[in-house]
Amino acid sequence: MLHTHKRPEMLTLTVEHSDDIPLLIAHMRRMGIPHILDRHIPTRAYWGNLTSGWTAVVWLTHILSCGDHKASTIQQWVSSRLGTLHWCIGSEVTPIDVDIDRLHDLLIGLSRDHQWQAIEHDLNRHMLDTWAWVIEQIHVRIYEGRVWHISPNGLFLVNQPHLWRARMSRQPMALAMLDPLNMPLVLYSFSQECTHPASFYDLVERISQNLPPRRYRFTGDALTAVEFRGAIHQHNHEYLCLLPDSLSAPDAPLDGARPACRLPADAHDPLASPSSDGVEWLTPMRVNLNGSPVVWNERRIAIRSPNHARISEEALRARLTRAQAALLAPGERKRGKRRPRTIEALREAAHAILDSYQVHGLLHLDFDEQIEERMVRRYRGRPTGVRVERDVRMNVSVNTDALSRAVHSLGWQVFGSNITPPEPARDQMLSLTLPAASGFERLHGRPISLAPHDVHSPELESGLIRLLSLGLRTLASLEAIARRRLIEEGVFTLSANQDNGRSASRITGERLLDAFRDMTFVPGFHHDPSGITPLSPLQQRVLHLLALPLEIYQPKR
């Protein structure tokens, strides 16, 4: 008798890379991004599972996640993480929910100015109510047109050296961030390629509306525009900015023509020296804003940064060394090398070298010509004669007096401010010479799942940049929460912000997210529970610093 056996059912297990997805979704839910966007951007009837707010959250999670993307689009990324997204969001997510048409609808909703202003206002109010950060200083940066573009494989690229590329953004924008949190506060789009004085007044008005009424201090490279400084002064705010190089020549103040007072060196700065003091004078300013003149006296403060002076002096001496070697090269005797035969030709070549190295007046050039007559014997049809040979030489030496004057003029920088003396402090001004606060540059190379031809209108460009500003807000809030917790625990001090060689600035959102790399999630089969990689002590510590519960990495059964 034959016995037949029933073939057992095949069991298929799917392993998903969850990584930092639960952390990002939980934090953006805490920030109120999905609910605020749903309040101001209507969800269309055909959208299906995800609302406009949750579509933005899923898209931002794909952009910000430090997990393994392998150059996948958001549709491929969602299809390989269906269980993780369903568990984190609470509703089913399919690749159709993040199709290109849904993404376009979201960007168009973000591009409408009245909706975006309401979204920013609600996000800022929710942020201040939730964390109650102390706000004293605002950093404003202007991104001109043609700063960013999309690569053919869908990567967001910022500050590329190319002068023009297809689908390169042409709309200038101003990003106002809370300093030193680097938290985006207002993203303002200018109505035209060149900024207008009235736009600066509207920008300051927008920033003031998003903050509690008080006097704030403005910094940033956007303040090089005198209209912006006038708008800040008109709104009764303070500003402090580093003026351009064309205004930073210290000749007039250093000669004592108009110095008002002398700033003492900071005793707490180890690089300060008696020669690193500064001078101050007043400059009358006048701008027209909205048809009315704004008049005030701007304080111009010239100080010498020892660190900047040292670096500039090293660069100057290195240029002098290379220039001396280049000046001696034309006179060298080498086989097959043509040397200048006249002093005029040698002098012309020397001045070209001085121009290229920018060391005019710092080197002494002594030209010498030696004439030698040599008898040439008769040879065949050539008669006996005298050949005159000219040998031109050049001696190069350093002009020590001019070099000392040039070294003394290095490191001087001029700042403009309307702050009442005795502020600002010297260290506050020197901090403006450091690299600019991080902005869209930290999103360089991130996958946005859009091809260059997908962003084909100014509305989509504006909506994309505004969506990415929400990503910047997410990263900045992560690191701000972690840093404040470390300060409360005494790991870092609020004043020095540096202990035992470690700095709180190393605690970035990217490093926090990278701690959750290689977290895997196994969806349950039938009635079996789901499984996820256990949290390591480091990951538990990160969740503690971010004030997020461990339950966000415990799948619901």
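Residues numbered from 1 in each chain as written. Predicted model: local features only at pLDDT ≥ 70, side-chain atom pairs only at ≥ 80, totals over all residues. Heavy atoms only, no water.

Enquirer: Requested: an account of the packing of helix α2 (residues 33–40) against helix α7 (residues 113–131), with residues and values cited.
Expert: Each packed pair of helices is defined by two parameters, the angle between the axes and the distance between the axes. Packing of α2 against α7 brings their axes to within 10 Å, and their N-to-C directions diverge by 150°. Taken together, the axis directions place α2 and α7 in an arrangement best described as roughly antiparallel. Pair α2 / α7 crosses with right-handed handedness. Together, Ile33, Ile36, Leu37, Arg39 and His40 of α2 and Gln115, Ala118, Ile119, Asp122, Leu123 and His126 of α7 make up the contact between the two elements. Considered class by class, the residues forming the contact of α2 with α7 number six nonpolar, three polar and two charged. (Axes fitted to C-alpha atoms, helices over the stretch in contact; angles between N-to-C directions. Helix = DSSP H or I, 4+ residues; strand = E, 2+ residues; numbered from the N terminus. Parallel < 35°, antiparallel > 145°, perpendicular 65-115°, else oblique. Left-handed = near helix turned anticlockwise from the far one by under 90°. Contact = heavy atoms within 4.5 Å. Nonpolar A, V, L, I, M, F, W, Y, C, P; charged D, E, K, R; others polar.)

Enquirer: Give a description of the sheet that holds strand β15 (residues 446–447) that names residues and reports values.
Expert: The strand order across the open sheet built from three strands is β3-β4-β15, with neighbouring strands paired in antiparallel fashion. Bordering the open sheet on either side are β3 (148–150) and β15, each of which pairs with just one other strand. Summarising the sheet, β3 and strand β4 (residues 155–158) pair through three bridges and their orientation is antiparallel. Residue pairing in the sheet places Trp148 in a bridge with Val158 of β4. (Pairing = 2+ DSSP bridges.)

Enquirer: I'd love a proper account of unusual backbone geometry, names of residues and values included.
Expert: For the bond running from Asp179 to Pro180, omega is 15°, close enough to zero to count as cis. Across the junction of Pro421 and Pro422, the peptide omega takes the value 10°, indicating a cis bond. Within the fold, Pro422 resides in the loop between β14 (412–417) and α14 (426–431). A positive phi angle, near 60°, is found at Asn182, a position not held by glycine. Looking at the secondary structure, you find Asn182 in the loop between β5 (173–179) and β6 (183–189). Backbone geometry at Ser449 places phi at a positive 60°, although glycine is not the residue there. Its location among the elements puts Ser449 in the loop between β15 and α15 (458–488).

Enquirer: Please give an account of the sheet that holds strand β18 (residues 520–522) that cites residues and values.
Expert: Here three strands make up an open sheet; going across it, the order is β1-β18-β19 and the pairing antiparallel. Taken across any chain shown, the strands that pair with only one partner, and hence form the sheet edges, are β1 (16–17) and β19 (531–532). Strand direction decides the pairing type here: β18 and β19, joined by two bridges, are antiparallel. The residue bridging Val522 from the neighbouring strand is Gly531, located in β19.

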